[in-house]
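Residue-level structural notes
Chain by chain, the residues run as shown.
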Amino acid sequence: MKFQWSLLFGLLFAVIIALFAVYNVDSVPVNYVFGTAEWPLILVILGSALLGALLSGTVAIYRSFVLSRKVKHLEKELEKKEASINALQNEIIVHQEQLPKVTEIKEENTTN
């Protein structure tokens, strides 16, 4: 459901940008570091929106990649700790099984 709302919001935002760009078709000067150029405002608006979307998409992909690596690392660490817990629980079971034998031997020694 969250994805559907995100998609709907994105489409609505794209329509608003497109309408805004269509109503602004005048040529405007665009200043670059190395010069200026006259571009239609519609191209400047759509280009800015596209560059913003690409930049935010790139950041989102990078964060997703970093988080997936972290999840994999934590899953491996969890497996190791679970194996360690299982080994320690097995040791406890072995010691508990040996405990009655030890107490029986002590009781036999004290009665003799």
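Residues numbered from 1 in each chain as written. Predicted model: local features only at pLDDT ≥ 70, side-chain atom pairs only at ≥ 80, totals over all residues. Heavy atoms only, no water.

Counting its regular elements, the chain contains two helices and two strands. Within the span of the chain, comprising 112 residues, buried residues form 4% of the whole. In the chain, 19% of the contacts between residues at least 6 apart in sequence involve partners at least 24 apart. If you sum the accessible surface of the chain, you get close to 10,300 Å²; carbon and sulfur atoms cover 68% of it. (Helix = DSSP H or I, 4+ residues; strand = E, 2+ residues; numbered from the N terminus. Buried < 20%, exposed > 50% of the residue type's maximum accessible area, 1.4 Å probe, protein only. Contact = heavy atoms within 4.5 Å. Areas by Shrake-Rupley, 256 points an atom, 1.4 Å probe, with all protein chains shown as cover.)

On to a nonpolar patch on the surface, then. Taken together, Tyr32, Val33, Phe34, Trp39 and Leu43 make up a surface patch of nonpolar side chains, about 620 Å² in accessible area. In this structure, Trp39 sits in strand β2 (residues 36–40). Its relative accessible area of 35% is what places Trp39 among the partly exposed residues. (Patch = residues over 30% accessible without salt bridge, like charges linked within 9 Å, V, L, I, M, F, W, Y side chains within 5 Å. Salt bridge = Lys/Arg side-chain N within 4 Å of Asp/Glu carboxyl O.)

On a regular strand, each side chain points to the face opposite its neighbour's, so the side chains alternate between the two faces of the sheet. In the sheet, strand β1 (residues 27–31) pairs with β2 via five bridges, with the strands oriented antiparallel. Bridge assignment links Val30 to a residue of β2, and that residue is Ala37. The antiparallel pairing of β1 with β2 creates a hairpin that spans four residues between the two strands. (Pairing = 2+ DSSP bridges.)

Attention now moves to a positive patch on the surface. On the surface, Arg69, Lys72, Lys76 and Lys80 cluster together to form a positively charged patch. Tracing the backbone shows Lys76 in helix α2 (residues 41–111). By relative accessible area, which is 58% here, Lys76 ends up exposed. (Lys, Arg positive; Asp, Glu negative; His and termini not counted. Charge placed at Lys NZ, Arg CZ, Asp CG, Glu CD.)

This next bit is on the confidence of the model for the chain. Here the chain averages 86 in pLDDT, while 89% of its residues score no lower than 70. When pLDDT is averaged over each element of the chain, β2 comes out on top at 90 and helix α1 (residues 2–22) at the bottom at 83. (pLDDT = per-residue confidence, 0-100.)

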